[in-house]
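Listed below are the residues making up each chain.
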Amino acid sequence: MAGKLEFCFDFISPFSYVANAAVQEISERTGAEIDYRPIFLGAVMQATGNRPPGMVAAKGAYMMKDLQRCTSRYSLPFRMNPHFPMVSTRLLLRAACGLQDTPSEQKRFIDACFRHMWAAPTPLKPDDDASVAAMCDAEGFDFDQIKALAEAPANQDAMKANTESAIARGAFGAPTFFVGDEMFFGHDRLDYVEEALKAQA
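These numbers come from a predicted model, not from an experiment.

Student: Got a minute to help me understand the overall build of the protein chain in this structure?
Tutor: Within the protein chain, the regular secondary structure consists of nine helices and four strands. Counting from the amino terminus, helix and strand elements in the protein chain follow one another as β-α-β-α-α-α-α-α-α-α-β-β-α. Computed over C-alpha atoms, the radius of gyration of the protein chain comes to 16 Å, within 12% of the 17 Å expected from 2.2 N^0.38 for 201 residues, which places it in the range of a compact globule. Referenced to the eigenvectors of the C-alpha coordinate spread, the extents of the protein chain come out at roughly 45 × 40 × 35 Å. Taken over 201 residues, the protein chain has a buried fraction of 49%. Of all intrachain contacts in the protein chain linking residues separated by at least 6 positions in sequence, the fraction that spans at least 24 positions is 71%. Carbon together with sulfur atoms contributes 52% to the accessible area of the protein chain, which is approximately 9700 Å² in total.

Student: Just to check I follow, could you spell out helix α6 (residues 129–139) for this structure?
Tutor: For an α-helix, 3.6 residues make a turn, and residues three or four places apart therefore share a direction. Turning to α6, its buried residues number three or more, namely S131, V132, M135, C136 and E139. The buried residues of α6 occupy an angular sector of 140 degrees when the element is viewed end-on, so they sit on one face. Residues of α6 that are exposed and point over 90 degrees away from its buried face: A130, D137 and A138. Buried positions along α6 lie against α4 (90–98), α5 (103–118) and α7 (143–151). At the exit of α6 stands G140, carrying a positive phi of roughly 80 degrees.

Student: Explanation requested: the pairing of strand β4 (residues 182–185) in the structure shown.
Tutor: Bridge count between strand β3 (residues 176–179) and β4: four bridges; the pairing is antiparallel. Its bridge partner being in β4, T176 is matched across the sheet by F185. Hairpin remark: β3 followed by β4, antiparallel, with two residues in the connecting loop; positive phi at G180, about 65 degrees.

Student: Can you walk me through the side chain of T30 in this structure?
Tutor: In this structure, T30 sits in helix α1 (residues 14–30). Looking at T30, its side chain comes within polar contact range of the main-chain oxygen of I26, at 2.7 Å.

Student: Explanation requested: the packing of aromatic side chains in the structure shown.
Tutor: Geometry of an aromatic ring pair is reported as the spacing of the ring centres plus the angle between the planes. Per the counting criterion, the structure on display carries twelve aromatic pairs. Here F109 and F141 contribute two aromatic rings whose centre-to-centre distance is 5.3 Å and whose plane-to-plane angle is 85 degrees, an arrangement assigned as edge-to-face. Residue F109 is found in helix α5, and its partner F141 is found in the loop between α6 and α7; the two are separated by 32 residues along the sequence. By relative accessible area, F109 is classed as buried at 0%. For F141, a relative accessible area of 11% translates into the label buried. In this arrangement the basic side chain of R108 is found over the ring face of F141, its NZ or CZ atom lying 4.0 Å from the centre. Stacked on the ring of F178, the Lys or Arg R169 has its end atom at 3.8 Å from the ring centre.

The rules behind the values
- Residues numbered from 1 in each chain as written.
- Predicted model: local features only at pLDDT ≥ 70, side-chain atom pairs only at ≥ 80, totals over all residues.
- Heavy atoms only, no water.
- Helix = DSSP H or I, 4+ residues; strand = E, 2+ residues; numbered from the N terminus.
- Rg over C-alpha atoms; globule rule 2.2 N^0.38 Å.
- Buried < 20%, exposed > 50% of the residue type's maximum accessible area, 1.4 Å probe, protein only.
- Contact = heavy atoms within 4.5 Å.
- Areas by Shrake-Rupley, 256 points an atom, 1.4 Å probe, with all protein chains shown as cover.
- Arc of directions from axis to C-beta.
- Pairing = 2+ DSSP bridges.
- Polar contact = N/O pair within 3.5 Å; in protein donor to acceptor, adjacent residues only side chain to side chain.
- Phe/Tyr/Trp six-rings, centres within 6.5 Å; stacked < 30°, edge-to-face > 60°.
- Lys NZ or Arg CZ within 6 Å of the ring centre and 35° of its normal.

So this is what it looks like as structure tokens:
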């Protein structure tokens, strides 16, 4: 079985961190190609009238417990990022878009960003150059290159296009997945994603 799984994510989303691990398992089981689609979640929320779960007290309390369950299922280390949610991830998202032509480096960068956002002892502040530079140094990336990728107009346009496309196709949050034209929201719907990939084969 093979196929393509589009994975729309933002590093600000802790459930996208969980999904990043989960889609790897699906890819290994099915042979499906993962098409990483960095999207700016703030724009998605604004366009669709959605609100972060932390803005609803009961949802926020539940989210913290649920994150512990979800990260444990995938054996992921986790600690809440103290900068969440009032930071911008645009720099990281645009740089990830810029690495699209080197898939192995793109995946390594995406994994590093998620790990430093949601698991590293020193939490990443994604809109702070010094914090991003420290992550790059720890993970073997050239910060100047990452910064240049983030500032390149083509990569800014790519992130915007990813975001607008996801909204046009029905996305209202992250993580969102597409198999062909069929949309799935949330890492806990990946069993349906796998079924769709099987049907596509």
